[in-house]
Amino acid sequence: MADMVRKHITVPREIALAFEALVGERNQSTEIAAMMEERVIRAKRADFFRDFAGFVTAEDHPEWATPEDVNEWVRKLRAEAWENPAVKALRDAPRQRD
């Protein structure tokens, strides 16, 4: 089990009552911890993308220059994958019934 700490927080009464009604009296700590964890993950993800913004440029990859170019590139990759012999074998293999 993770090392646990207590946090004292202050929230508007209406929010506290609505939250308790939503998750129950005994699940609040678990739900709040999950929300805090998700917020930390989102912040770390945003930091990661901010740190690497501009790492890949349209000059390096002209197929990513515009959203339309990206869509075309993805369609082409999917079409190529669909024609891959290994994918064809899986796609065309007889399916087992339960």
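Computed from a prediction, not measured in an experiment: that's the story for all the values here.

For the rest of this paragraph, the subject is the layout of surface pockets. Of the voids in this model, the largest pocket is the one considered here, and its volume is about 760 Å³. Looking at the largest pocket, it is lined by 17 residues, and the ones nearest its centre are K7, I9, Q28, S29 and I32. Contributions of two or more residues to the lining of the largest pocket are made by α1 (13-23) and α2 (28-52). Among the elements that line the lining of the largest pocket, the one with the most residues is α2, at six residues. In terms of residue class, the lining of the largest pocket is made up of 11 nonpolar, two polar and four charged.

Moving on to the confidence of the model for the protein chain. This prediction gives the protein chain a mean pLDDT of 90; 98% of its residues lie at or above 70. Across the protein chain, the secondary-structure element scoring lowest on mean pLDDT is helix α4 (residues 85-92), at 84, and the one scoring highest is α1, at 96.

Turning our attention to the packing of aromatic side chains. Throughout the structure, instances matching the rule amount to four aromatic pairs. Here F48 and F52 contribute two aromatic rings whose centre-to-centre distance is 4.8 Å and whose plane-to-plane angle is 45°, an arrangement assigned as tilted. With a gap of four residues between them, F48 and F52 both fall in helix α2, about one helical turn apart. In this structure F48 comes out as partly exposed when scored by relative accessible area, which is 45%. When the centroid spacing of 5.9 Å and the interplanar angle of 85° are considered together, the rings of F52 and F55 count as edge-to-face. Overall, the relative accessible area of 63% leaves F55 in the exposed class. Through successive ring pairs, a cluster of aromatic residues spans F48, F49, F52 and F55. Its end group placed over the ring of W82, R91 keeps NZ or CZ at 4.1 Å from the ring centre.

Conventions adopted
- Residues numbered from 1 in each chain as written.
- Predicted model: local features only at pLDDT ≥ 70, side-chain atom pairs only at ≥ 80, totals over all residues.
- Heavy atoms only, no water.
- 1 Å grid on protein atoms, 1.4 Å probe; cavity = no way out; pocket = protein on both sides within 12 Å on 5 of 7 lines; lining within 4 Å.
- Points joined across faces, edges and corners; volume = space filled by probe spheres on them.
- Helix = DSSP H or I, 4+ residues; strand = E, 2+ residues; numbered from the N terminus.
- Nonpolar A, V, L, I, M, F, W, Y, C, P; charged D, E, K, R; others polar.
- pLDDT = per-residue confidence, 0-100.
- Phe/Tyr/Trp six-rings, centres within 6.5 Å; stacked < 30°, edge-to-face > 60°.
- Buried < 20%, exposed > 50% of the residue type's maximum accessible area, 1.4 Å probe, protein only.
- Lys NZ or Arg CZ within 6 Å of the ring centre and 35° of its normal.

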